[in-house]
Amino acid sequence: MSATYLPRKLCAALAAACGLLGAASANAAEAAFIIPPPAIDQPAAAAMQKAVIAGGCFWGVQAVFQHVKGVSSAVSGYAGGQASTANYDTVSGGRSGHAEAVEITYDPAQVSYGQLLQIYFSVAHDPTQLNRQGPDSGTQYRSTVFPADDGQRKVAEAYIAQLNQAGVYPKALATTIEPLKAFYPAEDYHQDYLVRHPYSMYIMVNDVPKVENLAKTFPQQYRDKPVLVK
């Protein structure tokens, strides 16, 4: 983390741990939404595929998908902006157009795109929050799906509509669907962050509960040993 932004995140996490941010912020990462699977999904395929999603700080989102069976890689990075602004200091300013995103490489014979989205909407983040997750706020923390092709776009659009109609959330989803211009991997020190810093207060408050909820809510898709970038 940069000297400018790391203290802000750590201070916010410490405040949440002490109950000073209020119940909504402190519990945002801890809640798991029990949601139906997508009615429309992509068929199984032989070739490995990629999915790019964003839902708050990429540390926790990456950690969740590193524990999903059928995922061979989950990389933290940036999507939505230009190559020239794809760095943490610029993205953290909130004006780059980028979201903190995760690129997931997966085997569609083991886990479908729709199943990845179900995990994303259920335990990886709170999709009803607009431009924020837990203690973090700004457009870089927006809930966004970046479809790789028209097939992924159709599944994502149909699933968002389905979930809004199901009434399992307290309000409508804030998730947007944006074209995938490019994905830019984040700096090395952001990769595998939960594994490398399990006792960081920010991680313990905001991200460890996501992985715990994955294990409880999706036991068939959960694997104990995460697949790491490094």
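As annotated in an unreviewed UniProt entry, the chain is Peptide methionine sulfoxide reductase MsrA from Achromobacter pestifer. Regarding the chain, the relevant UniProt record gives this comment under Function (unreviewed entry): "Has an important function as a repair enzyme for proteins that have been inactivated by oxidation. Catalyzes the reversible oxidation-reduction of methionine sulfoxide in proteins to methionine." Quoted verbatim from the Sequence similarities (unreviewed entry) field of the UniProt record, the comment on the chain reads "Belongs to the MsrA Met sulfoxide reductase family."

On to empty space enclosed by the protein, then. Overall, the coordinates contain two cavities of 30 Å³ or more when judged by the stated rule. Space inside the second largest cavity adds up to approximately 40 Å³. In terms of lining residues, the second largest cavity is bounded by Gln42, Pro43, Ala44, Gln49, Tyr106, Pro108, Ser112 and Tyr113. Looking at the lining of the second largest cavity, its residues break down into five nonpolar, three polar and no charged.

Attention now moves to the environment of Thr175. Take Thr175: it is sitting in the loop between α6 (150–166) and β7 (176–177). Judged by its relative accessible area of 10%, Thr175 falls in the buried class. Thr175 sits 49 residues away from Asp126 along the chain, and the two C-alpha atoms are 9.4 Å apart. Not counting chain neighbours up to four residues away, the residues in contact with Thr175 comprise Tyr120, Phe121, His125, Pro127, Ser143, Thr144, Val145 and Ile160. Looking at Thr175, its side chain comes within polar contact range of the side chain of Ser143, at 2.7 Å.

Calculation criteria
Residues numbered from 1 in each chain as written. Predicted model: local features only at pLDDT ≥ 70, side-chain atom pairs only at ≥ 80, totals over all residues. Heavy atoms only, no water. UniProt positions renumbered as here; feature names shortened; annotations may be inferred. 1 Å grid on protein atoms, 1.4 Å probe; cavity = no way out; pocket = protein on both sides within 12 Å on 5 of 7 lines; lining within 4 Å. Points joined across faces, edges and corners; volume = space filled by probe spheres on them. Nonpolar A, V, L, I, M, F, W, Y, C, P; charged D, E, K, R; others polar. Helix = DSSP H or I, 4+ residues; strand = E, 2+ residues; numbered from the N terminus. Buried < 20%, exposed > 50% of the residue type's maximum accessible area, 1.4 Å probe, protein only. Contact = heavy atoms within 4.5 Å. Polar contact = N/O pair within 3.5 Å; in protein donor to acceptor, adjacent residues only side chain to side chain.

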